Amino acid sequence: MMRALTFVVGLVVLVALAGAGGVGYVFWHYGRDLPDYRQLETYTPDVMTRIYAGDGRLVTEYAIEKRVFVPYNAIPKVVVNAFISAEDQRFFEHPGVDVMGVIRAGLTNVKYAGSGRRPVGASTITQQVAKNFLLTNEVSFARKIKEAILAMRIEQAFTKEHILELYLNEIYLGRGSYGVAAAAMNYFDKSLDELTVAEVAYLAALPKAPNNYNPARYPEAAVARRNWVIGRMAEDGHVTGLDAERAAAEPLTVATRAETEFLDHSKYFSEDVRRDIVNRYGEKALYKGGLAVRTTLEPSLQELATRAMRDGLVDYDRRHGWRGPLARIELDQSWGIRLRDVQVAAGFDDGWQRAVVLKVEAQAATIGFVGGKRGTIPFEQMRWARPHLPNQDVGPAPKSVADVLKPGDVIAVQALEKGKDVYALRQIPAVDGAMVAMDPHTGRVLAMVGGFSHDRSEFNRATQAMRQPGSAFKPFVYLTALENGYKPTDLILDAPFVLEVPGQAKWKPQNYSGEFYGPTTLRVGVEKSRNLMTVRLADAVGMSKVVATARRFGIADRMLPVLSMSLGAGETTVLQLTTAYAMLVNGGKRITPTLVDRIQDRDGKTIYRHDARPCDGCNGVFWTGEAVPELSDTRAQIADPISAYQVVHILEGVIERGTGRSIAQIGKPLAGKTGTSNDSVDTWFVGFSPDLVVGVFVGFDEPKSLGKHETGSSAAAPIFKAFMEKALKDKPGTPFRIPPGTRLIRVNHDTGQRAEVGDRNVILEAFRPGEAPGSARTVTGSGAPVETPVDSGVPNAGGLY
């Protein structure tokens, strides 16, 4: 008997040892090469990046998983309890694996084997953390063992609270919700601390299979699962029986989350910011890094810029005729459905609608909208619609509605007055353009418009389109001359200029008017945008020096030193040329254009700041009224400040007397220059007040003429004017800043000589120290300039031609 007992005991011990050895082998085998669980100590969840305007308003968001991270201490206790009751009742007691739960699940699965029921799982919250963070979703015995091993290791390394923080911020709960905070917003449009017991219980019901408990598709299953969780919470003592009954009686109502409000009309700007962040930190940081990006965008100016650009492009487009309807449909009983299904080009302006012409009469057209609503277009609102002809020409003016529209035409319209059924005919412009508004002292881009509509074309013509600036480049030719000893009163011959080009036809530039004006002051050459004077001056100064100026000002890096470049035949972008003009008005100081003021990481640490000037003692200071620290000006001086001011002063004359005269109506100190390339392909206006510089470009994406008589004055300047009128409306008329040492002397505008009694066209001209309107330097062609005595009778001095 004793032998038998000893044998049995020995056998049991051997089996136990074998079992322990087997378990140990399994743990050793599957525990090799497991992911490092210690990485969970520094868990950094994927968090969205937010882009803010200069005033703090939200511009846009970038994220793959829209998650809001909430630390454990900020998660309401009722939320924690609901998920523990639903997912892992013994969470605070087990070591990572719930052995009792595994046995219970195993017995249940054996009981219902072959019944078709889904097997019951026994994964703890810790095991789910191991799977979600460190393993895959592979369904296998091996993965479950690895999951269990990692769960126990995690439990040994971290507190229960940290494990719950990981779980509740990472778990996917449907509707694009990663983490409980995002789910609370997406399902109930509430923050976590606003949720009711019933709402918390519903969220806790989702981890197993969010789609199976979608209240819109499976309302009964959703309510049943929610109530099951409420029952578990009552069993565990997390809610009272009465509270559980009330919660279970609540209807399950899922709210539509209020749309996040983004700034309108900022897509071109935000897309350039997106590219900048990707270039700096990579796509992972953008979409997962939780960056807070404070941009330079000024929302009010952005709105003004968008409106001015769109209205200007529409005005140009209307001058060049009606290109016909968007589409045509049959007018039968189903016209509303046909209208809805018509595919039309993107790019409608705000307030534009799609309509179909139902009836045409002599003085009005009846139109219909999707849904059956009707309205009218008076003939007065389509008188502009002359037939569009090749080369941007137009046909005869329409005499009746029938000359423009026919029944069945699908068109764009806009209500003339809110609440009334009277509309105007609209047309999406074929032309496009760009605008940049900038602070000339810092390079901060305050507004940017890259085209008529970002929905129509994402191509940003402000930063990506390389176009010829035409005469808008001329100020930098004249700046080069002024820096090399010329004066605004020096004379340049306006006469035919012929350049022999080996192997090519002779180059014969002309003025826009086709006329020649003889010796004319440098100032008037800019004001009237004289091509022949500019070429002659560039030839005298030297194109190599002009190219060097263009590089200094960031206009072009690879400009050829040929005379045609002096007339703006090189290529640049709106942002580059606007920045160059900014460095004229700020006194020749180098600035770097930027769309971003500051970038902070997910922890609030500043990782980039555009203004990198040192400021000792600025951080962590509680201001009590003491003097504000003065920061040093670290901007490099890239041009002589007096020469830069001389150009600014001359460009004021462009507004007062030259090609930009229409802008003088604004009544504020302004300066600027028009630009028109050959055949009116590219048109520009770049101008500025003392503290705001704006560049405007108008042209077709596939370069072609804008039409006869279209110039920077007609196409681009009105857009500049419309913007500046409103941007400067409530601003003081601050005069342009005059650098120390500048001499302002009264001169005759036409001759450049010192003003005398009786002269009528007298202006104040800017000179360097020691300079005066004495002897006039005259440029007659290639070679050295000629010194002409004041009393020589210029502009008709002999021997100068």
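Conventions adopted
Residues numbered from 1 in each chain as written. Predicted model: local features only at pLDDT ≥ 70, side-chain atom pairs only at ≥ 80, totals over all residues. Heavy atoms only, no water. Helix = DSSP H or I, 4+ residues; strand = E, 2+ residues; numbered from the N terminus. Buried < 20%, exposed > 50% of the residue type's maximum accessible area, 1.4 Å probe, protein only. Contact = heavy atoms within 4.5 Å. Areas by Shrake-Rupley, 256 points an atom, 1.4 Å probe, with all protein chains shown as cover. Phe/Tyr/Trp six-rings, centres within 6.5 Å; stacked < 30°, edge-to-face > 60°. Lys NZ or Arg CZ within 6 Å of the ring centre and 35° of its normal. Pairing = 2+ DSSP bridges. Axes fitted to C-alpha atoms, helices over the stretch in contact; angles between N-to-C directions. Expected span 1.5 Å × (residues − 1). Polar contact = N/O pair within 3.5 Å; in protein donor to acceptor, adjacent residues only side chain to side chain. Patch = residues over 30% accessible without salt bridge, like charges linked within 9 Å, V, L, I, M, F, W, Y side chains within 5 Å. Salt bridge = Lys/Arg side-chain N within 4 Å of Asp/Glu carboxyl O. 1 Å grid on protein atoms, 1.4 Å probe; cavity = no way out; pocket = protein on both sides within 12 Å on 5 of 7 lines; lining within 4 Å. Points joined across faces, edges and corners; volume = space filled by probe spheres on them. Nonpolar A, V, L, I, M, F, W, Y, C, P; charged D, E, K, R; others polar. Parallel < 35°, antiparallel > 145°, perpendicular 65-115°, else oblique. Left-handed = near helix turned anticlockwise from the far one by under 90°.

J.: Which residues make up the overall build of the protein, and what are the values?
T.: If you tally the helices and strands in the protein, you get 21 helices and 24 strands. Considering the protein as a whole, with its 801 residues, one finds that 48% of them fall into the buried category. A separation of at least 24 residues holds for 69% of the contacts in the protein among residues at least 6 apart in sequence. Total accessible area computed for the protein in this model is approximately 38600 Å², and 52% of it derives from carbon and sulfur atoms.

J.: Summarise the packing of aromatic side chains; cite the residues concerned and give the values.
T.: Overall, the coordinates contain 19 aromatic pairs when judged by the stated rule. By the ring-pair criterion, three or more aromatic residues cluster together here, those being Phe-473, Phe-476, Phe-553, Tyr-581, Phe-688 and Phe-736. Seen from the ring of Phe-91, Lys-160 lies directly overhead, with NZ or CZ sitting 4.5 Å from the centre. Looking at Arg-310, its charged tip hangs above the ring of Phe-452, at a distance of 5.8 Å from the centre.

J.: Kindly report on the sheet that holds strand β12 (residues 432-438), identifying the contributing residues and their values.
T.: Across the sheet, five strands lie side by side as β13-β12-β20-β19-β18; this open sheet has antiparallel pairing. Where the open sheet ends on each side, the last strands, each with one partner, are β13 (445-449) and β18 (671-676). For this sheet the average axis-to-axis angle between neighbouring strands, irrespective of direction, equals 5°. Looking at chain direction, β12 and strand β20 (residues 692-699) are connected through seven bridges and run antiparallel. The residue of β20 that forms the bridge with Ala-434 is Phe-697.

J.: Give me helix α20 (residues 641-657): which residues, what numbers.
T.: Here α20 contains 17 residues, and its C-alpha end-to-end distance of 24 Å stays within 8% of the 24 Å for a straight helix at 1.5 Å per residue. Taken across its 17 residues, α20 has 15 buried, putting it largely inside the fold. The opening residue of α20, the one whose side-chain oxygen lies 3.1 Å from the backbone nitrogen of Ile-642, is Asp-640.

J.: Please set out unusual backbone geometry residue by residue, giving values where relevant.
T.: Look at Asn-391: it is not a glycine, yet its phi comes out positive at around 60°. For Asn-391, the position within the fold is in the loop between β8 (388-389) and β9 (393-394). Overall, Asn-391 belongs to the exposed group, its relative accessible area being 64%. With phi around 55°, Ser-680 is a residue other than glycine that occupies positive phi space. Residue placement: Ser-680 occurs in the loop between β18 and β19 (683-689).

J.: Got a sec to walk through a nonpolar patch on the surface? Specific residues and values, please.
T.: Together, Val-99, Met-100 and Ile-103 line one region of the surface with nonpolar side chains, adding up to about 290 Å² of accessible area. Within the secondary structure, Met-100 sits in helix α3 (residues 99-111). Look at Met-100 and you get partly exposed, because its relative accessible area is 49%.

J.: Hey, could you go over helix α17 (residues 531-541) for me, with residue numbers and the actual values?
T.: For an α-helix, the turn length of 3.6 residues means that residues three or four places apart are oriented alike. Burial analysis of α17 places nine of its eleven residues in the buried class, the great majority of the element. Among the residues making up α17, those that are buried are Asn-531, Leu-532, Met-533, Thr-534, Val-535, Arg-536, Leu-537, Ala-538 and Val-541. With its phi angle positive at about 110°, Gly-542 sits one or two positions after the end of α17.

J.: A description of the pattern of salt bridges should follow, citing residues and the corresponding values.
T.: Pairing between side chains of opposite charge can happen when the charged atoms of each approach one another. By the definition in use, this model includes 44 salt bridges. For Arg-523, the salt bridge identified is with Glu-765, shortest N-O distance 2.6 Å. On the criterion of sequence distance, the pair formed by Arg-523 in helix α16 (residues 522-527) and Glu-765 in strand β22 (residues 762-767) is long-range, its members being 242 residues apart. You'll find Arg-523 and Glu-765 in the same group, each marked buried.

J.: I'd like a description of empty space enclosed by the protein, backed by residues and values.
T.: A full pass over the atoms with the stated rule returns two cavities of 30 Å³ or more. Put simply, the second largest cavity is a space of about 40 Å³. Lining the second largest cavity, in full, are Pro-488, Thr-489, Thr-521, Arg-523, Val-747, Asn-748, His-749, Gly-752, Ile-763 and Glu-765. Those elements that provide at least two residues to the lining of the second largest cavity are β21 (743-748) and β22. For the lining of the second largest cavity, the class distribution of residues is three nonpolar, five polar and two charged.

J.: So what's going on with the sheet that holds strand β17 (residues 606-609)? Which residues, and what values?
T.: One open sheet holds the five strands; their spatial order is β2-β1-β3-β16-β17, and the pairing between them is mixed. The outermost strands of the open sheet, each flanked by one partner alone, are β2 (58-62) and β17. Across the sheet, the mean angle separating the axes of adjacent strands is 15° when strand polarity is ignored. Where strand β3 (residues 292-295) meets strand β16 (residues 596-600), four bridges bridge the pair, whose relative direction is antiparallel. Paired with Thr-295 across the two strands is Val-596, which belongs to β16. This element, helix α11 (residues 267-281), spans β1 (49-52), β2, β3, β16 and β17 of the sheet and lies at about 45° to β2.

J.: Report on the pairing of β1, specifying residues and quantitative values.
T.: Alternating residues of β1 divide into Thr-49 and Ile-51, all buried, and Arg-50 and Tyr-52, none buried. Sheet topology places β1 next to β2; four bridges connect them, and they run antiparallel. When the bridges of β2 are listed, Ile-51 appears paired with Thr-60. The turn joining β1 and β2, which pair antiparallel and follow one another in sequence, is formed by five residues; a positive phi near 95° is taken by Gly-56. Of the pairings in the sheet, the one linking β1 to β3 comprises three bridges and is parallel in character. Of the residues in β3, the one forming a bridge with Ile-51 is Val-293.

J.: Describe the packing of helix α15 (residues 474-483) against α20, and please don't skip the residues or the numbers.
T.: Contact geometry of α15 with α20 gives a least axis separation of 9 Å together with a crossing angle of 135°. With respect to each other, α15 and α20 are oriented oblique. Crossing of α15 against α20: the hand is right-handed. Touching Pro-475, Leu-479, Leu-482 and Glu-483 of α15 are Ser-643, Ala-644, Gln-646, Val-647, Ile-650 and Leu-651, all from α20. Residue composition of the contact of α15 with α20, by class: seven nonpolar, two polar and one charged.

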